[in-house]
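The chain contents come next:
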Amino acid sequence: MRRPCGRGPLVSLAVGAVAVITSWLLGWCGSSAGFRLFIPEELSRYRGGPGDPGLYLALLGRVYDVSSGRRHYEPGAHYSGFAGRVIGRFYREDGLPTPELIQVEAMMAKGLEANKQAQQEKQKFPPCNAEWSATKGTRFWCSQKSGGVSRDWIGVPRKLYKPGSKEPRCVCVRTTGPPSDQTLDNPTHRNRGDLDDPSLTEYPGCPALAITCSFPL
């Protein structure tokens, strides 16, 4: 197995293993220079106990230093059973990947693609700013940084409906220029931005081009 390539992220108990996989796939560990191989017996010494040389976790054939998450992995912690051990059998004796590894990698590829699509959608439809109070009710509004997305337009609040979602969510929609999905072979547009996207609806009682929508109790 490869040597530790950096400290694992602090993660919740529920998503620890997935976060480690993701960090590997996203290249958080940097270059592969200076690899060190571990055998299970040697790895078992790295459980974070008194006198142990470190606190390591092995996943998908790579060893991670999870000392930064010691409170999750040290002896007696909820995830202590993972430390100093190989999690899963992802390689055969001849070094070839197991069907389980191939399945995990396929699932991770789907997850990364879904995350990429979600980020693209967030750029197209940034979340609205929102606030609620017992006296004023609910207010949605858009700004050039709403939803954590910096941009050169503000947009107007709209309900975005997604397949499989029970409730719509408020997003900011660009009101000028061509639609985001306009193809190069169709240069004409109505200078309405993404307002005509079929997954959007207006908020009742809110002016169509208002950047703020308020709904008193």
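This structure is a prediction, so every number in the text was calculated from the model and none was measured.

Asks: How would you explain the overall build of the chain if you had to name every residue and give the values?
Replies: Check the secondary structure of the chain and you find four helices and nine strands. Written out in order from the N terminus, the α and β elements of the chain read α-α-β-β-α-β-α-β-β-β-β-β-β. Taken over 217 residues, the chain has a buried fraction of 33%. Residue pairs at least 24 apart in sequence account for 55% of intrachain contacts in the chain once pairs closer than 6 positions are excluded.

Asks: Which residues make up empty space enclosed by the protein, and what are the values?
Replies: Rolled over the atoms, a probe sized like a water molecule indicates the empty space that remains. Evaluated as defined, the whole model comprises one cavity of 30 Å³ or more. Roughly 40 Å³ of internal volume is contained in the largest cavity. Residue lining of the largest cavity: Val 156, Pro 157, Arg 158, Glu 202, Tyr 203, Cys 206, Pro 207, Ala 208, Ala 210 and Cys 213, and that is the complete set. Considering each element in turn, the lining of the largest cavity owes the most residues, three residues, to strand β6 (residues 156-160). Class assignment of the residues belonging to the lining of the largest cavity gives a composition of eight nonpolar, no polar and two charged.

Asks: Explain the environment of Trp 132 residue by residue, including any values.
Replies: By the secondary structure assignment, Trp 132 is in strand β4 (residues 129-133). Sequence separation between Trp 132 and Ser 214 is 82 residues, and the spatial gap between their C-alpha atoms is 9.7 Å. The residues touching Trp 132, leaving out its near neighbours within four places in the chain, are Gly 137, Thr 138 and Leu 217.

Asks: Hey, could you go over the state of the cysteines for me, with residue numbers and the actual values?
Replies: If you walk through the whole model with that rule in mind, you get three disulfides. Linked covalently through their sulfurs, Cys 142 and Cys 172 form a disulfide whose S-S length is 2.2 Å. Its S-S torsion of about -105° marks the bond between Cys 142 and Cys 172 as left-handed, since a negative value means left-handed. Pair noted here: Cys 142 is in the loop between β5 (137-141) and β6 and Cys 172 is in strand β7 (residues 169-173), with a separation of 30 residues, a long-range link. Once the bonded cysteines of the chain are numbered in order along the sequence, the disulfide links fall as 1-3, 2-4, 5-6.

Asks: Before we move on, could you go through the confidence of the model for the chain and cite the residues and values that matter?
Replies: Summing up the model confidence of the chain, the mean pLDDT is 81 and the portion of residues at 70 or higher is 81%. Within the model, pLDDT remains below 50 along residues 7-32, and this stretch shows 44 contacts once partners closer than five positions in the same chain are excluded.

Asks: Please set out the sheet that holds strand β9 (residues 212-215) residue by residue, giving values where relevant.
Replies: As summarised here, the arrangement of the three strands in space is β4-β5-β9, forming an open sheet in which the pairing is antiparallel. Strands at the two margins of the open sheet, each flanked by one partner only, are β4 and β9. With strand direction ignored, the average angle separating the axes of adjacent strands in the sheet is 10°. As judged from the five bridges shared by β4 and β5, these two strands associate in the antiparallel manner. Each bridged residue has a counterpart across the sheet, and for Glu 131 the counterpart in β5 is Arg 139.

Asks: I'd like to hear about the pairing of β6, residue by residue, with values.
Replies: With four of five residues buried, β6 lies mostly within the body of the structure. Note: β6 against β7, five bridges, orientation antiparallel. By the bridge assignment for β7, Lys 159 is matched with Cys 170. Note: β6 against strand β8 (residues 200-201), two bridges, orientation antiparallel. Counterpart to Lys 159 in the pairing with β8 is Thr 201.

Reading the values: rules and limits
- Note on numbering: residues in each chain are counted from 1, in written sequence order.
- The predicted nature of this model means local features are confined to residues of pLDDT at least 70 and side-chain atom pairs, given and counted, to a pLDDT of 80 or more, with totals for whole chains, interfaces and linings taken over all residues.
- Only hydrogens and water are removed before side-chain values are computed, so all heavy atoms of the structure are retained for them.
- Here a strand is any run of E in DSSP of at least two residues, a helix any run of H or I of at least four, and the numbering for each starts at the N terminus.
- The cut-offs for exposure are 20% and 50% of the maximum accessible area for each residue type, with area from a 1.4 Å probe on protein chains only; residues under the lower value are buried, those over the upper are exposed, and the others partly exposed.
- In this analysis, two residues are considered to be in contact whenever any of their non-hydrogen atoms come within 4.5 Å of each other.
- Points on a 1 Å grid, built from protein atoms alone, make a cavity when a 1.4 Å probe fits but cannot get out and make a pocket when they are open with protein on both sides within 12 Å along at least 5 of 7 lines; residues with an atom within 4 Å of a point are the lining residues.
- Grid points are joined across faces, edges and corners, and a volume is the space filled by probe spheres set on the points.
- Following the grouping adopted for this structure description, the nonpolar residues are Ala, Val, Leu, Ile, Met, Phe, Trp, Tyr, Cys and Pro, the charged ones are Asp, Glu, Lys and Arg, and the polar ones are all others, Gly among them.
- A pair of sulfur atoms, both from cysteines and within 2.5 Å, is called a disulfide here.
- As a per-residue measure, pLDDT reflects the predictor's confidence and takes values from 0 up to 100.
- Paired strands, in this sense, are two strands between which DSSP finds at least two bridges.
- Axis lines are fitted through C-alpha atoms, for helices just across the contact stretch, and the angle between N-to-C directions can take any value from 0 to 180 degrees.

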